[in-house]
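Okay, here's what each chain looks like letter by letter:
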Amino acid sequence: MSEESIPTQSTINPYKFLQIVPNSDGTLTRDCSSYPNTIATPDLGNHTLHVLSKDVPVNHLNNTWVRIFLPRQALNSPFTPKLPLLIHFHGGGFIILSAATKLSHDHCSNIAANLPAVIVSLDYRLAPEHRLPAAYDDAMEVLHWIKTSEDEWLQKYVNFSYCFLLGDSAGGNIAYHIALRVAAKVDNILPLKIRGLMLNTPFFGGVKRTESELRSVNNPFSPLCAIDLMWELSLPIGADRDHEYCNPIIGGGSKLLDQFKLLGWKVLLMGGNEDPLFDRQIEFSKMIEQKGVKVVCCFGKDSHGSARDSVDLLKDVLPYIKSFVLSLTMVAK
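Throughout, a residue's number is its position along its own chain's written sequence, starting from 1. pLDDT decides what is reported in this predicted model: residues at 70 or higher carry local features, side-chain atom pairs at 80 or more are listed and counted, and totals for whole chains, interfaces and linings draw on all residues regardless. The basis for every side-chain value is the complete set of non-hydrogen atoms in the structure, without hydrogens or water.

The name given to the chain in an unreviewed UniProt entry is Carboxylesterase 1-like, with Melia azedarach as the source organism.

S.K.: Looking at this structure, I do not really get helix α8 (residues 224-234). What am I missing?
M.R.: An α-helix turns once per 3.6 residues; consequently, residues spaced three or four apart project the same way. Within α8, ten of the eleven residues are buried, which leaves the element mostly enclosed by the surrounding structure. Buried, partly exposed and exposed residues are distinguished by accessible area as a fraction of the type maximum, computed with a 1.4 Å probe on protein chains only: under 20%, between the cut-offs, and over 50%, respectively. The way it works is that DSSP assigns letters per residue, a run of H or I at least four long becomes a helix, a run of E at least two long becomes a strand, and they are numbered from the N terminus. For α8, the set of buried residues is Leu 224, Cys 225, Ala 226, Ile 227, Asp 228, Leu 229, Met 230, Trp 231, Leu 233 and Ser 234. Among the structural elements, α1 (14-18), β1 (20-22), β2 (28-30), α6 (170-183) and α7 (211-214) are those in contact with the buried residues of α8. Two residues form a contact once any of their heavy atoms are found within 4.5 Å.

S.K.: What's the story with the packing of helix α4 (residues 134-148) against α6 in this structure? I'm lost.
M.R.: A pair of packed helices can be characterised by two numbers: the angle between their axes and the separation between those axes. Fitted lines through C-alpha atoms give the axes, limited to the stretch in contact for helices. The angle between two N-to-C directions lies from 0 to 180 degrees. In contact at an axis separation of 10 Å, α4 and α6 are set at 60 degrees when each is read in the N-to-C sense. Of the possible angle classes, the one that applies to α4 and α6 is oblique. Relative to α6, α4 is oriented so that their crossing is right-handed. For the pair formed by α4 and α6, the contact residues are Ala 135, Tyr 136, Asp 137, Ala 139, Met 140 and Leu 143 on the first element and Asn 173, Ile 174, His 177, Ile 178, Arg 181 and Val 182 on the second. When residues are grouped by polarity, Ala, Val, Leu, Ile, Met, Phe, Trp, Tyr, Cys and Pro land in nonpolar, Asp, Glu, Lys and Arg in charged, and all others, Gly among them, in polar. For the contact of α4 with α6, the residue count by class is eight nonpolar, two polar and two charged. Any angle between 65 and 115 degrees counts as roughly perpendicular, while under 35 counts as roughly parallel, over 145 as roughly antiparallel, and the rest as oblique. Each crossing gets its hand from how the near helix is turned against the far one by less than a right angle, where anticlockwise is left-handed and clockwise is right-handed.

S.K.: Where do I start with the state of the cysteines in this structure?
M.R.: Every disulfide links exactly two cysteines, by a covalent bond between their sulfur atoms. Put simply, a disulfide is two cysteine sulfurs that come within 2.5 Å. On inspection of all chains with the given rule, the structure shows zero disulfides. Not engaged in a disulfide, the cysteine Cys 225 finds its nearest cysteine sulfur in Cys 246; these two sulfurs lie 16 Å apart. Look at Cys 225 and you get buried, because its relative accessible area is 16%. There is no disulfide at Cys 298, and the cysteine sulfur nearest it, in Cys 297, is 7.4 Å away.

Next up, the structure:
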């Protein structure tokens with residue numbers, strides 16, 4: 001596409017697109033009708049469920065909690081070995097969605113059933129009420145919560161030596177930044193041992209526009225104006241998109257990637273070449289590869305935030321996730 005043919009002005013209202021209304025006190029009113037929630041399914045007696053789930057509070061003051069997913073097959077066989085643990089962070093540009101959002105719930109449930117694995121999905125605080133690094137702080141807190149939790153499902157069915165960080169969109173950004181904190185050895189999370197990161201269309205940005213962003217001014221699934229608004233509402237006040245939380249290329253975290261290599265972590269990077277952030281993801285993969293970190297890239301044709309149901313999403317990413325997890329658990333053993 002030539003520069004002359006690229007539209008420079010969006011015809012989309014980002015607030016209407018995201019179904020949010022800004023309030024005078026700096027909060028948002030969110031219309032969740034397009035992304036409904038679903039309840040947890042903890043009923044042990046319901047034998048039609050392939051995966052059980054339950055909600056457990058983490059921090060009452062911050063109103064954070066997790067939804068834990070347990071494959072029924074772990075209950076049915078007393079000889080089933082303990083399962084790997086996937087710690088999941090949902091998407092939504094840091095400002096919308098939840099661990100209870102139906103798409104996120106179904107996605108985690110399907111992955112848990114098909115791997116199999118136990119999944120802990122965090123419901124973290126949203127911006128702009130709680131700007132970054134609040135979501136990172138919540139994610140770090142949940143690692144400590146897991147390592148000290150006496151929850152029966154975690155204690156009985158999880159092998160803490162095989163943990164993975166899994167994130168979609170903004171959740172992929174969170175997974176990366178939490179990995180940086182762990183790599184910096186700021187906090188001791190043992191007995192949890194992270195084996196790898198699985199980043200699905202991770203949400204990164206920068207001030208200078210990339211070609212894939214310029215092509216997406218009026219992208220129907222993720223217009224550039226909505227992406228910009230999400231960053232405006234989630235970054236610390238006064239920060240631009242070259243802040244380290246947004247731009248991993250020029251941010252200060254890249255020096256910690258040497259530690260990724262020393263720890264033996266691998267990264268699974270999933271995305272689509274119609275994603276406005278596709279070029280960002282390519283830059284990110286090159287950066288971590290240059291540090292000697294092993295990266296598995298799986299790129300299709302999807303756009304960021306495309307309106308797919310959980311079945312389609314599962315079909316696209318499950319083979320990669322399953323292969324990635326199995327390869328690392330087998331190597332570790």
